[in-house]
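# Structure assessment
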Amino acid sequence: MAAHIKMNSLLPQNLSVVIRPVQYRDLDGIERLSQESFAALSPEGANLVNQQMQSLHRWYGLLRFLSWFPNPLQHRFCAYVAEQGRILLGMVQVSPFNRTRTTWRVDRVMLDRSADKQVIGSQLLRHCFESILEARTWLLEVNVNDLDALALYRQNGFQRLAEMTYWEIEPELLTELAQAEPDLPNLLPVSNADAQLLYQLDTASMPPLVRQVFDRNNRDFKTSLFGALADAVKQWVTKTEVVSGYVFEPQRKAAIGYFQVQLERKGDTPHVATLTVHPAYTWLYPELLAQLARIAQDFPQQGLKLASSDYQPEREEYLERIGAKRIEHTLIMSRSVWHKLRESKFVSLEGIQWTDVLQGLQPARKPIPGGMSWAEVRQKQTPEIPVKHQSESVTFNSKNCHIDSVCHQELTEEQQEN
């Protein structure tokens, strides 16, 4: 590490930083950045980082090939690195959040210890904003205690969207929950035919602002043939199994609850569950947790991880009541492509003279009161024949004659005949 810092000090100061896509020769540098970024993690977190890097080395050729043509895994590994003089200073990894790719997610940003994190991190993020033109909104999740990352994201226009709390149910508590009989008479398996129901449930379970940022539609709840094959291969390689289901309300003909749980066959890591419950049916939480606990009994005895957001107070209250343990608190932040940094100084409204601003609305002269009446004006209408004033010359063509000579003569002859 000391040699690496010394090498950075020998670089020319005017050497520019190059932002480019990841290449195979960058994998060793990415592994070094990963170890430095997650050095303070628990042994489980460090082990997870090592597994991810091993998978990246093994499947990099296939992922690179899939990125050349449109397919569901085209953006499985979309990353950019910052390089200065053949030295890797940072990496950013992004991925589409929805099927339409209107919202993209910043998966992770890793920076070298000796680099200026705010400058290099901003350059990496700005390169993503300028390169991926189809993204209207950007999304990320960061730990509330990571002050450096929060400062970096706020500097680049990200704002708070929601707060997430991650919970873990201990194996003993999970066994206790499995003793209860869940009351779910209309629990059905999930298929592509249920995409509309699941989309409506997802829409009803979140606030309008979060729904607008996520921008999901029916396609996000369907699984293509290629995606199903990819999931099957992933489950076979990682020794996991995914079980999902939803609760159907026959009277309203709507889905009121949904769950998906990823079960670990090896027993090394806890199971991971995802819950979506309609706000009007929060009584489903005990029933769905009992169902998940029963499913987990057929696998190695491990804990169960799940998340709750700040707009789901009933879920947090229930998990707190049953004795679940809080393991992490994160912040979801979003950024719109229309965001502009403040480029002008703040102008106080106290120094503005409103008489000057509203000068155009002031009367030009003082009004004079009068006793004019609209009735009198109607009685004093002008005669049918217009009278020419001496100071005016009113002429117009009518029967090809002038009003002062020929027309007046014709009118006199008509009166005499009558």
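Residues numbered from 1 in each chain as written. Predicted model: local features only at pLDDT ≥ 70, side-chain atom pairs only at ≥ 80, totals over all residues. Heavy atoms only, no water.

### Some remarks on the side chain of E287
Structurally, the position occupied by E287 is in helix α10 (residues 284-296). Despite its burial, E287 pairs with no opposite charge; the closest candidate is R294, at 8.8 Å N-O. Contacts of E287, omitting those with residues within four sequence positions, involve E181, P182, D183 and L184. (Helix = DSSP H or I, 4+ residues; strand = E, 2+ residues; numbered from the N terminus. Buried < 20%, exposed > 50% of the residue type's maximum accessible area, 1.4 Å probe, protein only. Lys, Arg positive; Asp, Glu negative; His and termini not counted. Salt bridge = Lys/Arg side-chain N within 4 Å of Asp/Glu carboxyl O. Contact = heavy atoms within 4.5 Å.)

### Some thoughts on the sheet that holds strand β8 (residues 240-249)
Pairing is mixed across the open sheet formed by 12 strands, whose spatial order is β1-β2-β3-β4-β5-β12-β6-β11-β10-β9-β8-β7. Because the sheet does not close on itself, it has two edges, and the strands there are β1 (18-21) and β7 (187-188). Bridge count for strand β10 (residues 271-277) against strand β11 (residues 304-309) is two bridges, and the pairing is parallel. Residue H271 lies in a different strand from β11, and its bridge partner there is L304. Along the sheet, helix α7 (residues 195-204) contacts β8, β9 (254-264) and β10; its crossing angle with β9, the most-contacted strand, is approximately 95°. (Pairing = 2+ DSSP bridges. Axes fitted to C-alpha atoms, helices over the stretch in contact; angles between N-to-C directions.)

### Remarks on the confidence of the model for the chain
Note: predicted coordinates in regions of low pLDDT should not be interpreted at a detailed level. For the chain, mean pLDDT is 81; residues scoring 70 or higher make up 75% of the total. By mean pLDDT, helix α1 (residues 2-9) is the weakest element of the chain at 44, and α7 is the strongest at 96. Across residues 340-348, where pLDDT falls below 50, the model places two contacts with residues more than four positions away in sequence or in other chains. Here residues 373-412 is a poorly scored stretch, pLDDT under 50, and it has 13 contacts once near neighbours within four places are set aside; other chains count. (pLDDT = per-residue confidence, 0-100.)

### As for unusual backbone geometry
The residue R86 is not glycine, and still its phi comes out positive at about 70°. Structurally, R86 can be placed in the loop between β2 (78-84) and β3 (87-96). For R86, a relative accessible area of 64% puts it in the exposed group. Its identity as a non-glycine residue notwithstanding, R101 has a phi of 60°, on the positive side. You can see R101 is positioned in the loop between β3 and β4 (103-111).

### Remarks on the state of the cysteines
This structure, assessed with the given rule, holds zero disulfides. With no disulfide of its own, C78 lies 7.0 Å from the sulfur of C128, the closest cysteine sulfur. Among the residues examined, C78 registers a relative accessible area of 12% and is labelled buried. On the accessibility criterion, C128 (1% relative accessible area) is buried. (Disulfide = S-S within 2.5 Å.)

### Digging into the pairing of β3
For β3, the tally of buried residues reaches nine of 10 residues, placing the bulk of the element in the interior. Examined bridge by bridge, β2 and β3 share seven bridges and lie antiparallel to one another. Note on β3: the bridge partner recorded for C78 is V94. Between β2 and β3, which pair antiparallel one after the other, the connecting turn spans two residues, and G85 there sits at a positive phi close to 60°. Where β3 lies against β4, seven bridges are found, and the strand directions are antiparallel. If you follow S95 over to β4, its bridge partner there is R105. Linking β3 to β4, which pair antiparallel, is a turn of six residues; within it R101 sits at a positive phi near 60°.

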